[in-house]
Protein chains: 2
Amino acid sequence: MSLDPVLARIDADLPAATERLMQLLRIPSISTDPAYKPDCARAADWLAADLRALGFDAAVRPTPGHPMVVAHGGPQGGGGPHLLFYGHYDVQPVDPLALWRRDPFDPALEEGPQGKVIRGRGSSDDKGQLMTFVEAFRAWTSVHGQLPCRITVLLEGEEESGSPSLVPFLKENAAELTAGLAMICDTGLFDHDTPAITTMLRGLLGEEVTITGPDKDLHSGMYGGAAMNPVRVLARIIAGLHDETGRVTVPGFYDGVDELTQQMRDQWQSLGFDAEGFLKSVGLSIPAGERGRSVLEMIWSRPTCEVNGILGGYAGDGFKTVLPSKATAKISFRLVGRQDPLAIRESFRAMVRAQVPADCRVEFHDHGAAPASVMATADPAFDKARGALSDEWPNEAAFIGSGGSIPIAGYFKSILGMDSMLIGFGKDDDLIHSPNEKYDLRSFHKGIRSWARVLAALAG
Amino acid sequence: MSLDPVLARIDADLPAATERLMQLLRIPSISTDPAYKPDCARAADWLAADLRALGFDAAVRPTPGHPMVVAHGGPQGGGGPHLLFYGHYDVQPVDPLALWRRDPFDPALEEGPQGKVIRGRGSSDDKGQLMTFVEAFRAWTSVHGQLPCRITVLLEGEEESGSPSLVPFLKENAAELTAGLAMICDTGLFDHDTPAITTMLRGLLGEEVTITGPDKDLHSGMYGGAAMNPVRVLARIIAGLHDETGRVTVPGFYDGVDELTQQMRDQWQSLGFDAEGFLKSVGLSIPAGERGRSVLEMIWSRPTCEVNGILGGYAGDGFKTVLPSKATAKISFRLVGRQDPLAIRESFRAMVRAQVPADCRVEFHDHGAAPASVMATADPAFDKARGALSDEWPNEAAFIGSGGSIPIAGYFKSILGMDSMLIGFGKDDDLIHSPNEKYDLRSFHKGIRSWARVLAALAG
């Protein structure tokens, strides 16, 4: 089955494909906020219907949280490869809403400095990305009447909220979901002209810590000085999480953190990463990580600890002289190599407990734990895919690391025994998780073409 | 003019007086939140109308913020005393609303362990308190046709939001507002049976600190490790505000902090203050202030630093792996003796600036500054009032300190050259500034009777 008419079909169909993506982006499928539960279900229904229209046997599968979409297509017998495509249809919350220049769920094509962009929540993370492979399937099916190989699709609705239903779902449906190789589309290009296969993914450990001091909010005049302020306790804990060299102080934290091989260090060096420009683009100039590490190491191969949110006392307009009863922080750790999330959780909790005064209380809330992933780049499929990507883009494709956590790759390996390949077309300036998220129309268009080529390369 | 029929009249009128207070409590006059501006105006109108009904020449006087109520009554000539009565009609915000057992602005009489209580926001701080002197005026006027001495009333609407309009208003109306002595009703009993005249008041310095790191919220995977997290910067600043002995570390902070006289130390010792019970009542057991100080010192005569609120990143339900652009804390200092609020503000800001990394920014927002007050207890009026209070209550009245800040006493002295006497009937368990605020009906009733007696003693 020849590739050229498929690519031509993709080019001709781009306006219609863009409008289909817009339809999906109009559904506010924010998974972390229970108020949007019906919208998550609506997004799943929309995707299942679209996959059915391409000839897939597609179903919306309930979970205790938001549903999964599972679809099966392509030749079911024979000796060709069997690929599992993964994406997620849920999106991040939109606050602070005031910083958006348009309604996050009223997407539009806008002119950007590097061409047209699709603006809207989820345009890049991950609706725009998952629609690149769906549109590639559509073009193959439309031109050749069938897919080039056996394909299973798994679309999740809880990726942005810790994926609580994912592990049980994979376990319960292991036979149905296990393929030869998983294709995960939730990562980025290395730069505007350089496609990438991500071969290292940081893991993620999420913890919420709540310190309770007095059993109610107090008047800071009447009790200030005598009663312990839980914000003071929490601030000391957070301040102690990094030492003066930027290293994380949780005991045992660096167990299982490997140094880069010289080969990988050289390859990264050759990428000519602009660390200064990377920081400057977000208004900073000083790398905040471990002293003596390059910025690429800080974001790709070194573990971190971040406070993602903190709240205590009166945070509204004006001033309230309250001595708060409670203070809460959401704290996450990005993990690398062989770091053990559960061991780090226990060590972190013990470290926190040791700093809580005897008459204060601490509660922990678990927001997920996933180890880092290192991909099986020796599989010949990696070189085939790398060649296909290099045919589509101006520069040769690179093997890179990624600071973001995509726990699914780890679960595919540990639960289904299946390796993953991570290919995506996002860009660093896509503003994912931030106001004014966008996806380059070029990413969308060449992304669809890339998948058409990768399918040809792997099926051939 | 005899006192007994006035006291009898107060007893008979208590149900009607309680209902009048309820009317005032139903007006949600939260001064710090601009959304309640019309309600603040409504509370002022209600009070002016009530004072007019008692024969006062009362007016609602505009300010750039919420209005003042000013009223003049009693014999205008002659040699009797001229007293200025002060209270405030604005109230604290009500959040967290979920912890209230009833609508904060739908007050009711409830049964408490020590008798009936009036439950609702402002019942104690300060609407219930200011109505004690208004009801005393009503009883005097009703029984004798006139007040026992010349009285000016000043009711403020911005006490809970830093009193931005107070100083200009006092300066512009100095001649009209200056009396022989100010009577301030915004303090408490020493305990259930022991009335108090507060002779030491802590001052208050309010600061809001905002740290900006990256110029937008970032994905903590993509940037975590490389970009500075402003919560981390703010936590270090807060953690450094106290040393290991509980002392505040702002340079020069203890300049002008005097040790107690042996006489005052002895009197406080004789009060038999139950420090353990005081902490236990709010769920704590370990005094959090300076090592080696008694709990009464911590709350009455020692300065403090508290975080009243902190917010940064995603604080909603669930988890968001954001690396926040900004983090903000509201920080206040309680001041004593001759501490200079403006010098401390400058020292605090310099200390914070020195801890902000070169590529982060810090902004400060001023939430008011008032020095501590020490009262002129040598004035014979203090002993007269102490005698009058001792006649009403089971125990003799005490001279005490107060941890709360009532800047008005300092302004009366510095701007009008007028001394103040602070008498109030609040209790430590009134939950002011907290959910489920209440005022004992006994405080209200005996408070009204106390003012009737104090008026008789000072006028006689």
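Analysis parameters
Residues numbered from 1 in each chain as written. Chains lettered and ligands numbered in written order. Predicted model: local features only at pLDDT ≥ 70, side-chain atom pairs only at ≥ 80, totals over all residues. pLDDT = per-residue confidence, 0-100. Pairing = 2+ DSSP bridges. Helix = DSSP H or I, 4+ residues; strand = E, 2+ residues; numbered from the N terminus. Axes fitted to C-alpha atoms, helices over the stretch in contact; angles between N-to-C directions. Buried ≥ 20, exposed ≤ 12 C-beta atoms within 10 Å, placed from the backbone. Contact = placed C-beta atoms within 7 Å. Nonpolar A, V, L, I, M, F, W, Y, C, P; charged D, E, K, R; others polar. Least-squares fit on C-alpha atoms with pLDDT ≥ 70 in both. Domains from an automatic or database assignment. Parallel < 35°, antiparallel > 145°, perpendicular 65-115°, else oblique. Left-handed = near helix turned anticlockwise from the far one by under 90°.

Undergrad: Give me the lowdown on the confidence of the model for chain A, citing residues and values where you can.
TA: Any region with low pLDDT has predicted coordinates that should not be read closely. Across chain A, the average pLDDT comes to 95, with 100% of residues at 70 or higher. Across the assembled chains, the prediction reports ipTM 0.75 with pTM 0.76.

Undergrad: A description of the sheet that holds strand E11 (residues 304–313) of chain B should follow, citing residues and the corresponding values.
TA: Pairing in this open sheet of eight strands is antiparallel, and the strands run E14(A)-E9(A)-E13(A)-E11(A)-E11(B)-E13(B)-E9(B)-E14(B) from one edge to the other. At either margin of the open sheet sits one strand with a lone partner, and together these are strand E14 (361–370) of chain A together with strand E14 (361–370) of chain B. Between one strand and the next, the sheet's axes are offset by a mean angle of 20 degrees, whatever the strand orientation. Two elements, strand E9 (residues 203–212) of chain B and E14 of chain B, share eight bridges in a ladder whose sense is antiparallel. Looking at the pairing, Val 209 of chain B lines up with Phe 364 of chain B of E14 of chain B.

Undergrad: Describe the environment of Val 336 of chain B, and please don't skip the residues or the numbers.
TA: Residues and elements named next belong to chain B. Mapped onto the elements of the fold, Val 336 is located in the loop between strand E13 (326–335) and helix H11 (341–353). The exposure class of Val 336 is buried, given the 25 C-beta atoms found within 10 Å. Spatially, the C-alpha atoms of Val 336 and Thr 63 are 29 Å apart, while their sequence positions differ by 273 residues. Each residue touching Val 336, except ones within four places of it in the same chain, is listed here: Arg 202, Val 257, Ser 301, Arg 302, Pro 303 and Ala 372.

Undergrad: Quick rundown of unusual backbone geometry? Include the residues and the values.
TA: Here the amide bond leading from Asp 125 of chain A into Asp 126 of chain A is cis, since omega sits at 5 degrees, within 30 degrees of zero. Of note, Asp 126 of chain A is situated in the loop between strand E5 (115–119) and helix H3 (127–144). Cis rather than trans, the peptide bond between Asp 95 of chain B and Pro 96 of chain B has omega equal to 0 degrees. If you trace the backbone, Pro 96 of chain B turns up in the loop between strand E3 (82–88) and strand E4 (108–112). At Leu 431 of chain A, a residue that is not glycine, the phi angle is positive and equals roughly 60 degrees. As for its placement among the helices and strands, Leu 431 of chain A is situated in the loop between strand E17 (420–423) and strand E18 (438–440).

Undergrad: Describe the interface of chain B and chain A, with residues and values.
TA: At the junction of the two partners, chain B supplies 81 residues and chain A supplies 79 residues. Going through the elements one at a time, E9, strand E10 (218–219), helix H6 (220–223), helix H7 (230–239), helix H10 (295–300), E11, strand E12 (322–323) and E13 of chain B are the ones with two or more residues in the side of chain B that touches chain A. When residues in the side of chain B that touches chain A are grouped by element, the largest group, nine residues, is from E11 of chain B. Across the side of chain B that touches chain A, the residue classes tally to 35 nonpolar, 31 polar and 15 charged. Two strands pair when backbone bridges link them, and strand E11 (residues 304–313) of chain A and E11 of chain B are joined in this way by five bridges, in the antiparallel orientation. Within the sheet, the bridge partner assigned to Leu 311 of chain A lies in E11 of chain B and is Leu 311 of chain B.

Undergrad: Provide a residue-level description of the relation of the copies chain B and chain A, including the pertinent values.
TA: Overlaying chain B on chain A yields an RMSD of 0.1 Å, the required transformation being a rotation through 179 degrees with an accompanying axial translation of 0.1 Å. Such a combination of rotation and displacement between the chain copies is what one expects of a two-fold axis. Most of the interface of chain B is mirrored in chain A, where 98% of its interface residues are also at the interface.

Undergrad: Please give an account of the sheet that holds strand E18 (residues 438–440) of chain B that cites residues and values.
TA: All names here are of chain B. What the three strands build is an open sheet, ordered E4-E5-E18; its pairing is antiparallel. If you trace the sheet from one side to the other, it starts and ends with E4 and E18, each paired once. Direction aside, the axes of adjacent strands within the sheet are offset by 35 degrees on average. In this sheet, strand E5 (residues 115–119) lies alongside E4 in antiparallel orientation, the contact comprising five bridges. Across the sheet, residue Ala 108 finds its bridge partner in E5, namely Arg 119.

Undergrad: Account for the domain arrangement of chain A, with residues named and values stated.
TA: Residue and element names in this part refer to chain A. Per the domain assignment, the segments of chain A are domain 1 (4–201 + 372–459) and domain 2 (204–257 + 303–370). Using only C-alpha atoms to locate each centre, domain 1 and domain 2 end up separated by 35 Å. Taken together, the contact pairs seven residues of domain 1 with ten residues of domain 2. Partitioning the side of domain 1 that touches domain 2 into residue classes produces two nonpolar, five polar and no charged.

Undergrad: Could you give an account of the pairing of strand E8 (residues 196–201) of chain B, with specific residues and numbers?
TA: Residues and elements named next belong to chain B. Burial runs high along E8: six of the six residues are buried. Sheet topology note: the E8/strand E16 (residues 398–402) ladder contains five bridges and is parallel. Residue pairing in the sheet places Thr 198 in a bridge with Ile 400 of E16. As paired elements, E8 and strand E17 (residues 420–423) share two bridges and run antiparallel to each other. Bridge pairing in E17 places Thr 198 opposite Leu 422. Where E8 meets strand E15 (residues 373–374), two bridges bridge the pair, whose relative direction is antiparallel. Bridge assignment links Met 200 to a residue of E15, and that residue is Val 374.

Undergrad: Outline the environment of Asp 255 of chain A, supporting the account with residue identities and numerical values.
TA: Residue and element names in this part refer to chain A. Topologically, Asp 255 is positioned in the loop between helix H7 (230–239) and helix H8 (262–270). When the 13 C-beta atoms within 10 Å are taken as the criterion, Asp 255 is described as partly exposed. Taking the C-alpha atoms as reference, Asp 255 lies 9.3 Å from Ile 344; in sequence the two are 89 residues apart.

Undergrad: Now, about the environment of Ala 388 of chain B: what can you tell me, with residues and values included?
TA: All names here are of chain B. The topology assignment puts Ala 388 in helix H12 (residues 380–392). For Ala 388, a count of 24 C-beta atoms within 10 Å puts it in the buried group. In sequence terms Ala 388 and Gly 188 are 200 residues apart; their C-alpha atoms lie 16 Å from each other. Discounting chain neighbours no more than four positions away, the residues touching Ala 388 are Arg 453, Val 454 and Ala 457.

Undergrad: Kindly report on the packing of helix H3 (residues 127–144) of chain B against helix H14 (residues 441–459) of chain B, identifying the contributing residues and their values.
TA: Helix-helix packing is characterised by the crossing angle of the two axes and by the distance between the axes. Residues and elements named next belong to chain B. Here H3 crosses H14 at 55 degrees, and the two axes come no closer than 8 Å. When the axis of H3 is compared with that of H14, the two are oblique. As H3 runs across H14, the sense of the crossing is right-handed. Contacts between H3 and H14 involve Gly 128, Thr 132, Phe 133, Glu 135, Ala 136, Ala 139 and Trp 140 from the first element and Phe 444, Gly 447, Ile 448, Trp 451, Ala 452 and Leu 455 from the second. Residue classes in the contact of H3 with H14 are distributed as nine nonpolar, three polar and one charged.

Undergrad: Lay out the packing of H12 of chain B against H14 of chain B in plain terms, naming residues and giving numbers.
TA: Residues and elements named next belong to chain B. The interhelical angle for the contact between H12 and H14, taken along N-to-C directions, is 140 degrees, at an axis separation of 8 Å. As far as their axial angle goes, H14 and H12 are oblique. The handedness of the crossing between H12 and H14 is right-handed. Seen from H12, the contacting residues are Ala 381, Lys 384, Ala 385, Gly 387, Ala 388, Leu 389, Asp 391 and Glu 392; seen from H14, they are Lys 446, Arg 449, Ser 450, Arg 453, Val 454, Ala 457 and Leu 458. Residues belonging to the contact of H12 with H14 are distributed by class as follows: seven nonpolar, two polar and six charged.

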